[in-house]
Amino acid sequence: MNIFGGEEKKNQGGGTGIGVNSFLWRATLDTLSFMPLNSADPFGGVIITDWYSPAETPNERFKVTGYILDTALRSDAVKVSVFRQVRVGPEQWADAVVEQGTVTAMEDAILTRARQLRIDSAAAEK
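Below or above, wherever it landed, is the structure these notes cover. (Residues numbered from 1 in each chain as written. Predicted model: local features only at pLDDT ≥ 70, side-chain atom pairs only at ≥ 80, totals over all residues. Heavy atoms only, no water.)

## With respect to the nonpolar core
In terms of nonpolar packing, the biggest core is built from 22 residues, with Leu 24, Val 64, Val 82, Met 106 and Ile 110 touching the most fellow members. For this core, the secondary structure elements donating two or more residues are helix 1 (22–31), strand 3 (60–68), strand 4 (78–89) and helix 2 (100–125). The element that contributes the greatest number of residues to this core is helix 2, accounting for six residues. (Core = buried A, V, L, I, M, F, W, Y, C linked by side-chain atoms within 4.5 Å. Buried < 20%, exposed > 50% of the residue type's maximum accessible area, 1.4 Å probe, protein only. Helix = DSSP H or I, 4+ residues; strand = E, 2+ residues; numbered from the N terminus.)

This is the structure we're talking about:
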């Protein structure tokens, strides 16, 4: 089983070892790699991070869930949910609004990375 999609080049990223598009799977892992990983289910296509606080804004934290919804490399095959909390006291956090642009930017970054992985894979086969 290859959950990172490295050897799954023969069938356009569908993958035989995972249940989702291997390029989208790898791209999602790459894009979210700056956050601690909580769980990853390559058969269900779900990646969940743990809470992450950027160094420049320690009074807010983020958690991301990425869903790979298809075996095809398509824009509607990836969905991201971003959760944000702000500190309201010592060890106390409150849910806060996430700008829609944040979700869109993350999905776009995943798609861009997936396309690059596919291009790199095709070039390596030549």
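Once you've had a look at it, read on.
## Overview of the packing of helix 1 against helix 2
Where helix 1 contacts helix 2, the two axes come as close as 8 Å, and the packing angle between them is 125°. Our classification of the angle between helix 1 and helix 2 gives oblique. Helix-helix and strand crossings are classified by hand; for helix 1 and helix 2 the assignment is right-handed. The segment helix 1 lies against helix 2, with Phe 23, Leu 24, Arg 26, Ala 27, Thr 28, Asp 30 and Thr 31 engaging Met 106, Ala 109, Ile 110, Leu 111, Arg 113, Ala 114, Leu 117, Arg 118 and Ser 121. Of the residues that constitute the contact of helix 1 with helix 2, the class distribution is nine nonpolar, three polar and four charged. (Axes fitted to C-alpha atoms, helices over the stretch in contact; angles between N-to-C directions. Parallel < 35°, antiparallel > 145°, perpendicular 65-115°, else oblique. Left-handed = near helix turned anticlockwise from the far one by under 90°. Contact = heavy atoms within 4.5 Å. Nonpolar A, V, L, I, M, F, W, Y, C, P; charged D, E, K, R; others polar.)

## A closer look at helix 2
End to end, helix 2 covers 38 Å across 26 residues, agreeing with the expected 38 Å (1.5 Å per residue, within 8%). Val 103, Met 106, Glu 107, Ile 110, Leu 111, Ala 114, Leu 117 and Ser 121 are the residues of helix 2 that are buried. Buried residues belonging to helix 2 abut helix 1, strand 3 and strand 4. (Expected span 1.5 Å × (residues − 1).)

In short, shape yes, function no, at least from these values alone.
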